[in-house]
Amino acid sequence: MDINPYTPTPASAPIHPGNVEIASKRVSLLRRYKGWLIAFLSVLLLLVSLAIAFHAYVAWTLGRPHIDPLRSTPTAAFGAAYEDITFPSLNGSSELSGWFIPSVSAIAGAESQRQTIVFSHGYGGNREEIWVPIYDLAKAAHKMGFNVIMFDYGYVQPKWNVTGGLRESQELLGAVKYAKDRGAERVFVWGFSMGAGTALQAALQTKEIDGMILDSTFILEPDTLYHNMKQVANVPKFSQSLVHMFFPIINGVSFTEIPYQTIKETAYSMPIFFIHGKQDVRAPYAMVQDIYKHQQPQSGSALWMLENDGHELIYRAHKKTYLQMTTGFLRTLSTSAGEPLKYGTSR
């Protein structure tokens, strides 16, 4: 059969109007799904960004607590003469300021008292520690004949931030050295909250501290951090990890650098009087019990645990008993050099 090359090929089948409508609906649906997907991803990205910003802000504020200005002086508070002092931290990384309150015997012109108490204030406070209140305790120590040092940790200054005891322990050791340079033969540390935890950290590094009174001991570690975060908001467990991650980025120090496990497991060579309340929502009392259990019976350490008291509120609730027990502990320390102490609670 001959094929005519000029025979036209059949035309394509005409497009049915229904097919066009179906294709149009598919395109419209795809565009809608794409819009929903973009909207979902945008919301998800916003939530993730907000979560990151929130936890970064928490890490930033933890390192930079609000500090009130000084409100008084030892002279105005209880009539004691004092000196404005400055001294470096033990490693020279920071410069500290404070007050030196000489003993009554030194003021009277007699031989200077050879024993000094260094107060170690807590997180978010300064040397005055007004919620304890520390002036009452400084007055009691002064009346007993001790020299007294009250000083501000470096993070009280705007240029520094909290380091969980790493820099602060060096600053406390700088205060201890200052006391020694002023003639103290024995130095005792009286610490509160993080200032008590800092004292334990400092005691790992020196033999120059002869005894400590630690009220509401707080040690910065992941578990206590999360415990405190839970007091503010019902945050999930992963919040601890995020703050843990951001803290070194923002504040220059990692929780892994803080020797909290060593602090909790060390049997210290000096006697320690632990004071803590079971209603403490900042520093779980079980931690202090565990630290106390590691102390040797012959160390002279003691534990005063109260059932119904909260963080740093024990003195306000039990002023007379608090002063009797703390001054009794100090009196025993100051008169028993080189001998096993007999003061303490039953184990």
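Everything numeric in this text was worked out from a predicted model, so none of it was measured. Residue numbers here run from 1 along each chain, matching the order of that chain's written sequence. The predicted origin of the model limits local features to residues at a pLDDT of at least 70 and limits the giving and counting of side-chain atom pairs to 80 or more, whereas totals for whole chains, interfaces and linings rest on all residues. As a rule here, side-chain values come from all non-hydrogen atoms in the structure, and water together with hydrogens is ignored.

Colleague: Got a minute to help me understand the overall build of the protein in this structure?
Modeller: Where helices and strands are cited, they refer to DSSP runs of H or I of at least four residues and of E of at least two residues respectively, numbered from the N terminus. The helix and strand inventory of the protein stands at twelve helices and eight strands. Accessible area is worked out with a 1.4 Å probe on protein chains only. A residue is then buried under 20% of its type maximum, exposed over 50%, and partly exposed in between. Out of the 347 residues in the protein, the part that is buried amounts to 47%. Residue pairs at least 24 apart in sequence account for 73% of intrachain contacts in the protein once pairs closer than 6 positions are excluded. Here the open area of atoms and residues is found with the Shrake-Rupley method and a 1.4 Å probe, where only the protein chains shown may cover a residue. Of the roughly 17700 Å² of accessible surface on the protein, 58% is carried by carbon and sulfur atoms. Contact criterion: two residues are considered in contact whenever any of their non-hydrogen atoms come within 4.5 Å of each other.

Colleague: Explanation requested: the pattern of salt bridges in the structure shown.
Modeller: Two side chains with opposite charge may pair up if their charged atoms get near one another. Criterion for a salt bridge: a side-chain nitrogen of Lys or Arg within 4 Å of a carboxyl oxygen of Asp or Glu. Scanning the model with the defined rule gives eight salt bridges in all. Among the ionic pairs, Glu 83 bridges to Arg 182, the shortest N-O distance being 3.0 Å. With Glu 83 in strand 1 (residues 83–88) and Arg 182 in the loop between helix 5 (166–181) and strand 5 (186–192), the pair connects residues that are 99 residues apart, well separated along the chain. The class of Glu 83 is partly exposed, set by a relative accessible area of 33%. Among the residues examined, Arg 182 registers a relative accessible area of 33% and is labelled partly exposed.

Colleague: What's the story with the pairing of strand 1 in this structure? I'm lost.
Modeller: Sheet faces and side chains relate simply in a regular strand, where the side chains alternate between the two faces. The criterion for strand pairing is that DSSP finds at least two bridges linking the strands in question. As judged from the six bridges shared by strand 1 and strand 2 (residues 95–101), these two strands associate in the antiparallel manner. Residue Thr 86 lies in a different strand from strand 2, and its bridge partner there is Ser 97. In this antiparallel pair of consecutive strands, strand 1 and strand 2, the connection spans six residues, and Gly 92 shows a positive phi of 75 degrees.

Colleague: Would you mind showing me how to read the side chain of Ser 299 here?
Modeller: Tracing the sequence through the fold places Ser 299 in the loop between helix 10 (285–293) and strand 8 (302–306). Looking at Ser 299, its side chain comes within polar contact range of the side chain of Ser 301, at 3.1 Å. Side-chain atoms alone can form a polar contact between residues adjacent in sequence; in general such a contact is a pair of N or O atoms within 3.5 Å, and within protein one must be able to donate a hydrogen while the other accepts it.

Colleague: Would you mind showing me how to read the packing of aromatic side chains here?
Modeller: Here the distance between the centres and the angle between the planes together describe a pair of aromatic rings. Centres within 6.5 Å make a pair out of two Phe, Tyr or Trp rings, where for Trp the six-membered ring is used; the pair is then stacked when the planes are under 30 degrees apart, edge-to-face when over 60, and tilted otherwise. Counted according to the given criterion, the structure contains 15 aromatic pairs. Sitting over a ring, as applied to charges here, requires NZ of Lys or CZ of Arg to be within 6 Å of the ring centre and within 35 degrees of the ring normal. A cation over an aromatic ring shows up here: Arg 127 above the ring of Trp 99, its NZ or CZ 4.6 Å from the ring centre. One cation-aromatic arrangement involves Arg 182 over Phe 100; the distance from NZ or CZ to the ring centre is 4.0 Å.

Colleague: Can you help me understand helix 6 (residues 194–203) in this one?
Modeller: Of all ten residues making up helix 6, ten are buried, and the element is well covered by its neighbours. Among the residues making up helix 6, those that are buried are Met 194, Gly 195, Ala 196, Gly 197, Thr 198, Ala 199, Leu 200, Gln 201, Ala 202 and Ala 203.

Colleague: Before we go on, may I ask you to explain the environment of Pro 74 in this structure?
Modeller: With respect to the helices, strands and loops of the structure, Pro 74 is situated in helix 2 (residues 74–78). Judged by relative accessible area, Pro 74 falls into the buried class, the value being 0%. In the structure, Pro 74 is positioned 64 residues away from Ala 138 in sequence and 8.4 Å away in space, judged by C-alpha atoms. When neighbours within four sequence positions are excluded, Pro 74 is seen to be in contact with Gly 79, Ala 80, Tyr 82, Trp 99, Ile 101 and Tyr 135.

Colleague: How do you make sense of empty space enclosed by the protein when you look at a structure like this?
Modeller: Where empty space is left can be seen by rolling a probe of water-molecule size over the atoms. Lining residues are those with an atom within 4 Å of a point, where the points come from a 1 Å grid over the protein atoms alone and group into cavities, where a 1.4 Å probe fits but cannot get out, or pockets, open sets with protein on both sides within 12 Å along at least five of seven lines. Grid points are joined across faces, edges and corners, and a volume is the space filled by probe spheres set on the points. All chains considered together, the criterion is met by two cavities of 30 Å³ or more. Approximately 40 Å³ is the volume found for the largest cavity. Gly 164, Met 194, Gly 197, Thr 198, Gln 201, Phe 218, Ile 219, Leu 220, Ile 258 and Ile 263 together form the lining of the largest cavity. Counting residues per element, the lining of the largest cavity draws most heavily on helix 6, at four residues. Residue polarity follows a fixed list, in which Ala, Val, Leu, Ile, Met, Phe, Trp, Tyr, Cys and Pro are nonpolar, Asp, Glu, Lys and Arg are charged, and the others, Gly among them, are polar. Classifying every residue of the lining of the largest cavity by side-chain character gives six nonpolar, four polar and no charged. Considering only enclosed or pocket space, the second largest cavity measures out at about 30 Å³ in volume. Lining the second largest cavity are His 121, Tyr 153, Tyr 155, Gly 165, Glu 168, Met 194, Gly 195 and Thr 198. The greatest single-element share of the lining of the second largest cavity, amounting to three residues, is contributed by helix 6. Taken together, the residues that form the lining of the second largest cavity break down as three nonpolar, four polar and one charged.

Colleague: What should I look at first to understand the pairing of strand 7 (residues 272–277) in this one?
Modeller: Taken across its six residues, strand 7 has six buried, putting it largely inside the fold. Both faces of strand 7 are covered, namely the face carrying Ile 272, Phe 274 and His 276 and the face carrying Phe 273, Ile 275 and Gly 277. Examined bridge by bridge, strand 6 (residues 211–215) and strand 7 share four bridges and lie parallel to one another. Bridging from a neighbouring strand, Ile 213 pairs with Phe 273 of strand 7. If you view a crossover with the strands going away from you and the path from the first strand over the helix to the second runs clockwise, you call it right-handed. In this region the chain leaves strand 7, passes through helix 10 and returns to the parallel neighbour strand 8; the handedness of that crossover is right-handed.

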